[in-house]
Amino acid sequence: MWYRLGQFILKYRIALLVLLLAVTGFMGYHASKVQLSYDFTRAIPIDNPKYKAYQEFRKKFGEDGNLLVIGIQTDQLFREKTFNAYYALQRELKKVRGVDDIISIPSAVNLVKNPETEKLKAVAIFPDRILTQAEIDSASAIFLNLPFYENLLYNPASHAWLMGLRINKDLMATKAREAIVRDINKQVDAFSKEQHLTVYKSGLPYIRTAISVMLVKEMNFFLLASVVLSALILLLFFRSVSAMLLSLLVVAIGVVWSVGTIELMGYKISLLTALIPPLVVVIGIPNCIYFLNKFHVAWNESGNKKGALVAMVDKMGIVTLFCNVAAAIGFAVFALTQSQILREFGLVAGTNIMALFIISLILIPTLLSFLPAPKSRHTKYLENARLNRWLDRLERWTLNHRRLIYGITAVLVLASLLGIFRLKSEGFIVDDLPKSDKIYTDLKFFEAHFKGVMPLEIVVDTKKKQGVTRSLSNLERIDSFSRYLAGIPDIARPLSITEGLKFAKQAFFEGDKGNYSMPSSYDLPALSQYLSFKGDSSGNKSSLAKLVSSFMDSTKQQARISVNMADIGSRRLPGLLDSIQDRAEHLFNKDSIEALTADAAAKEEHKGDSAWGKRTHSIRLTGTSVTFLEGSRFIISGLKDSIFWAFVLIALCMLYLFRSARILVCSLIPNIIPLMITAGVMGWTGVPLKPSTVLVFSVALGIAIDVTIRFLVNYKQELPVQGYDLKKTVIETIHSTGISIIYTSMVLIAGFVIFCFSEFGGTKALGWLTSLTLVTATFTNLVLLPAILISFIRVKK
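Residues numbered from 1 in each chain as written. Predicted model: local features only at pLDDT ≥ 70, side-chain atom pairs only at ≥ 80, totals over all residues. Heavy atoms only, no water.

**Remarks on the overall build of the chain**
Then, number 1: Looking only at helices and strands, one finds 28 helices and 10 strands in the chain.
Then, number 2: Along the three orthogonal principal directions, the C-alpha set of the chain runs to about 110 × 70 × 45 Å.
Then, number 3: Across the 797 residues that make up the chain, the buried fraction comes to 58%.
Then, number 4: Look at the contacts in the chain between residues 6 or more apart in sequence, and 80% of them connect residues 24 or more apart.
Then, number 5: Total accessible area on the chain is roughly 34000 Å²; 59% of this is exposed by carbon and sulfur atoms.
Then, number 6: Positive and negative side-chain charges of the chain, numbering 89 and 63 respectively, have mean locations separated by a distance of 11 Å. (Helix = DSSP H or I, 4+ residues; strand = E, 2+ residues; numbered from the N terminus. Buried < 20%, exposed > 50% of the residue type's maximum accessible area, 1.4 Å probe, protein only. Contact = heavy atoms within 4.5 Å. Areas by Shrake-Rupley, 256 points an atom, 1.4 Å probe, with all protein chains shown as cover. Lys, Arg positive; Asp, Glu negative; His and termini not counted. Charge placed at Lys NZ, Arg CZ, Asp CG, Glu CD.)

Quick look at the structure:
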């Protein structure tokens, strides 16, 4: 079959070449239209309850993650020069397209009672003009007397000050967010330089945009670096510019197809799919090495170029096909997960690895048929004396030191198992960034002074229209729950409707700070007008009114308690969320819970009462912090499942290829051990299991088993040639495949080492962990696999 396929390719080479170029042009057109993804919630399936709850929250209350925060630390803010500059910064930021609103000290308002109407009116504390020192002193005294703003806009203990910019939620999901953040940075940097103050920036809009920009830069860098490195290695191996350019053309077409596939499938470039183009380069080069190596061997034997090309397809077609199938399986199994972002990565990567095989199969023999026959210097690498001496050593170890090989393997496996037991699963929202990166250090500033910027939303459903405001007990419970949240070390001061009521009560009592407390049943009727959130005479709402009015839905049935929290990681977050949920249930549904746990007699007594024992309130935790945790769980769970399916599917391929259960076991052992060693190293070095590190295992398995397929297919082909002499066959296989296996492994290892230069911890981990796995797999396949074949395989002639 493969012999006839080789003849077919050479016969119709021009037509196939035109077809390949036409498809590449089509893919190139679609690749030019590909866009970046700015949606960071796609790790969760759309039918997941927490995803649905988050989408429902966004529909009712708007985005929770659209606040970009700017912070400074100084005890000179209320000095004339500094404050006027700070006010001017706010004015300039307000002009930036996409900034919907700003809540800050200069825009802070006070509630004052109109003696004629007995109504509250929002009045700006700081007039919108250049202020004198006396005016600033007078206004700042009023501002600092308002507990509403304490630990919200400033930390009195550390003299840290915060400005919050609400970014337009529609523009946040488009490329325009980059221009918005760039314009904000321009104004902030100018203020920082002028005032000689360090300015800190954070919040999800800023973090996500900065990461997206870094992503594009890294994708371009890795793509260029992988191409340059592959070109140098190919030139070093083959000493042929034409062989190098041919191989680069194969992977270049593969890259175009991969980016075009992303757009054709309706996807966008994400943190994961951005890795596919450089991965295509790294995985595509071994295809070229396998084909070129076999072509050079066949040319040396026959001296007939056409015959050598047909022999290349005949002998290496099946090998390269199954190598690509195994590698594609390693990626495609991600499509079996429930995570949308993983599914996209798996489908695009798996599809394009198989496409690489088709590109290689058509392009390499076709172009080689037009090129001059190889010269002696091009095939000199086949007689590399140094590599052949290493292969001789491998031969001696396999024949004479099998017990030593098994002993060393057993020790490594035991040490790896001990390391595996030390593995921990933990992830952070920004832990893929280096600790020295300004995004990370700025986030830590807000965690230190304002307890973080990661949104957590609690929605209390009273199950009755007007249920929030008509019942004083509901408001008191919300306040009690808010005070509980404020006492948690990693959670910032909560904001809810009750904070607005406290502010209103203080205003009704002539601004007395001591009256910043929940209104009593006597106070509430006088404050009820406040709940309509009337603006000024022109009908415009102040930033404060907009802020407070967002803490109830339009029917006032649901109340929102909004907090920011530190990025505490996926290990601590579940326990914290469970404790918050338990406390909320106790506060809002205490009577219902007690009824449900009452004795049997009480249950029997109320058997006909449908309302008895039912929860009167529904409490739902949502927001970016919750979706991050749920997304991490889904990704890690999905990746673990993908490793299992990768083993199963690759095992079935191996069983089909070799038709022997014993050979199947022999093929899996040298590939399981490298994965165990990698997991053990992770445990001993403290690298946690998280989405970016679990990814390594199925990817590395799919790539590493290529070496096994290459070795065992050659072993199977050599067995009858060597008269079914097992030792002779193994020795010949070591020498005939060893050089190409070593060269291929070097390309793969060098290609993944490039990822170690990433600024993202996950990409860096993918680089060094996959490289470690491939190094180990090369040794196990060239040392352990031959030893196992000699020791445990019995050949029937």
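Now that the structure is up, let's keep going.
**Examining the pattern of salt bridges**
Then, number 1: Evaluation of the coordinates by the stated rule reveals 14 salt bridges.
Then, number 2: Between Asp 479 and Arg 483 there is a salt bridge, with the nearest N and O atoms lying 3.3 Å from each other. Placement of both Asp 479 and Arg 483 in helix 17 (residues 472–486) is noted, with a separation of 4 residues, approximately one turn of the helix.
Then, number 3: Asp 479 sits in the buried class, given a relative accessible area of 6%.
Then, number 4: We note a salt bridge from Arg 572 to Asp 490, for which the minimum N-O separation is 2.4 Å. Here Asp 490 lies in the loop between helix 17 and helix 18 (497–508) and Arg 572 lies in the loop between strand 9 (558–565) and helix 21 (573–588), a separation of 82 residues in the sequence.
Then, number 5: According to the relative accessible area criterion, Arg 572 is partly exposed, its value standing at 47%.
Then, number 6: Residues participating in the shared-partner salt-bridge network are Asp 479, Arg 483, Arg 493, Glu 499 and Lys 502. (Salt bridge = Lys/Arg side-chain N within 4 Å of Asp/Glu carboxyl O.)

**Quick look at the confidence of the model for the chain**
Then, number 1: Mean pLDDT over the chain: 83, with 91% of residues reaching 70 or higher.
Then, number 2: Overall, residues 531–540 carries pLDDT values under 50, and its contacts beyond four positions in sequence, including any with other chains, amount to 13 contacts. (pLDDT = per-residue confidence, 0-100.)

**Considerations on the sheet that holds strand 9**
Then, number 1: The 3 strands lie next to each other as 9-8-10, forming an open sheet whose pairing is antiparallel. The open sheet has two edge strands with one neighbour each: strand 9 and strand 10 (618–622). Each strand axis lies, on average, 15° off the axis of its neighbour in the sheet, ignoring direction.
Then, number 2: Examined bridge by bridge, strand 8 (residues 454–461) and strand 9 share 8 bridges and lie antiparallel to one another. Along strand 9, the bridge assignment pairs Ile 458 with Ile 561.
Then, number 3: The sheet strands contacting helix 3 (residues 49–61) are strand 8, strand 9 and strand 10, and the helix crosses strand 10 at an angle near 95°. (Pairing = 2+ DSSP bridges. Axes fitted to C-alpha atoms, helices over the stretch in contact; angles between N-to-C directions.)

**Things to note about helix 11 (residues 305–332)**
Then, number 1: At Met 316, helix 11 shows its maximal bend, which comes to roughly 45°.
Then, number 2: With respect to burial, helix 11 is a largely interior element, 20 of its 28 residues being buried.
Then, number 3: Looking at where helix 11 begins, the residue whose side-chain oxygen comes 3.1 Å from the main-chain nitrogen of Lys 306 is Asn 304. (Bend = angle between axes of the 7 residues up to and from the residue. Polar contact = N/O pair within 3.5 Å; in protein donor to acceptor, adjacent residues only side chain to side chain.)

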